Amino acid sequence: MCPSVFRCVRCDHRVFPARFLCPQCHGDGFEAEDCPSGVVTELTRSVVAGSEAGMYMLATVLSDAGPVLIARVLDEAVQRGDTVALVLRDGGIYADPVHE
Ligand SMILES: [Zn+2]
């Protein structure tokens, strides 16, 4: 399963996360649209404290649908500029490497 972006039914502008009004035309009608892939523009290392202490990577992903999404990265081999598959897992968005 992949995350969804939201397409304005009036002007086709796509937003993520969902908004009440389209920033472009102020319309309030949106349709969810699959967002299966994108390109990594930035990688950030995050440290988690607490019971699940550890380190993970966050990717800023420019989705093929248009909006920018933040996704967790489990594979250390993912680099800036890579195309990744966007997957919904455990209530979060993950960026998985695409092997060609
Ligand atoms: Zn619009």
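This structure is a prediction, so every number in the text was calculated from the model and none was measured.

### Looking at the overall build of the protein
Move 1: The secondary structure content of the protein amounts to 0 helices and 8 strands.
Move 2: The order of helices and strands in the protein, counted from the N terminus, is β-β-β-β-β-β-β-β.
Move 3: The principal-axis extent of the C-alpha atoms belonging to the protein is close to 45 × 35 × 20 Å.
Move 4: Each of the 100 residues in the protein was classed as buried or not, and the buried ones make up 19%.
Move 5: Here the contacts in the protein between residues at least 6 apart in sequence split such that 41% fall between residues at least 24 apart.

### Concerning the sheet that holds strand β2 (residues 14–15)
Move 1: Strand order in the open sheet formed by 3 strands is β2-β1-β3, and the pairing between neighbours is antiparallel. Bordering the open sheet on either side are β2 and β3 (30–34), each of which pairs with just one other strand.
Move 2: Where strand β1 (residues 4–8) lies against β2, 2 bridges are found, and the strand directions are antiparallel. Directly across from F6, in β2, lies its bridge partner V15.

### Focus: the nonpolar core
Move 1: Of all hydrophobic cores here, the largest spans 16 residues; its most connected members are A59, V61, V84 and A95.
Move 2: Listed by contribution, the elements that provide at least two residues to this core are β1, β5 (54–63), β6 (68–73) and β7 (83–89).
Move 3: Of all the elements, β1 adds the most residues to this core, at 3 residues.
Move 4: Filtering out sequence-adjacent residues up to four positions away, V61 remains in contact with G38, V39, V40, V68, L69, A71, V84, L86 and A95.

### Some thoughts on unusual backbone geometry
Move 1: Note the cis peptide between F16 and P17, where omega equals -5°.
Move 2: Unlike most non-glycine residues, D12 shows phi in positive territory, near 75°.
Move 3: Position of D12 among the secondary structure elements: in the loop between β1 and β2.
Move 4: In this structure, H26 takes a positive phi of about 65° despite not being glycine.
Move 5: Topologically, H26 is positioned in the loop between β2 and β3.
Move 6: For H26, a count of 11 C-beta atoms within 10 Å corresponds to the exposed category.

### Notes on the environment of V9
Move 1: Checked against the element boundaries, V9 lands in the loop between β1 and β2.
Move 2: Among the residues examined, V9 registers 12 C-beta atoms within 10 Å and is labelled exposed.
Move 3: Each C-alpha atom of the pair V9 and E42 lies 30 Å from the other, and the pair is 33 residues apart in sequence.
Move 4: The contacts of V9, once residues within four sequence positions are left out, are G27, G29, F30 and E31.

### Some words on the pairing of strand β8 (residues 92–97)
Move 1: Inspection of the sheet shows β7 paired to β8 by 6 bridges, in the antiparallel sense. From the neighbouring strand, V84 faces β8, where its bridge partner is P97.
Move 2: Between the end of β7 and the start of β8, which pair antiparallel, lie 2 residues, with D90 showing a positive phi angle near 50°.

Procedures and definitions
Residues numbered from 1 in each chain as written. Predicted model: local features only at pLDDT ≥ 70, side-chain atom pairs only at ≥ 80, totals over all residues. Helix = DSSP H or I, 4+ residues; strand = E, 2+ residues; numbered from the N terminus. Buried ≥ 20, exposed ≤ 12 C-beta atoms within 10 Å, placed from the backbone. Contact = placed C-beta atoms within 7 Å. Pairing = 2+ DSSP bridges. Core = buried A, V, L, I, M, F, W, Y, C linked by C-beta atoms within 7 Å.

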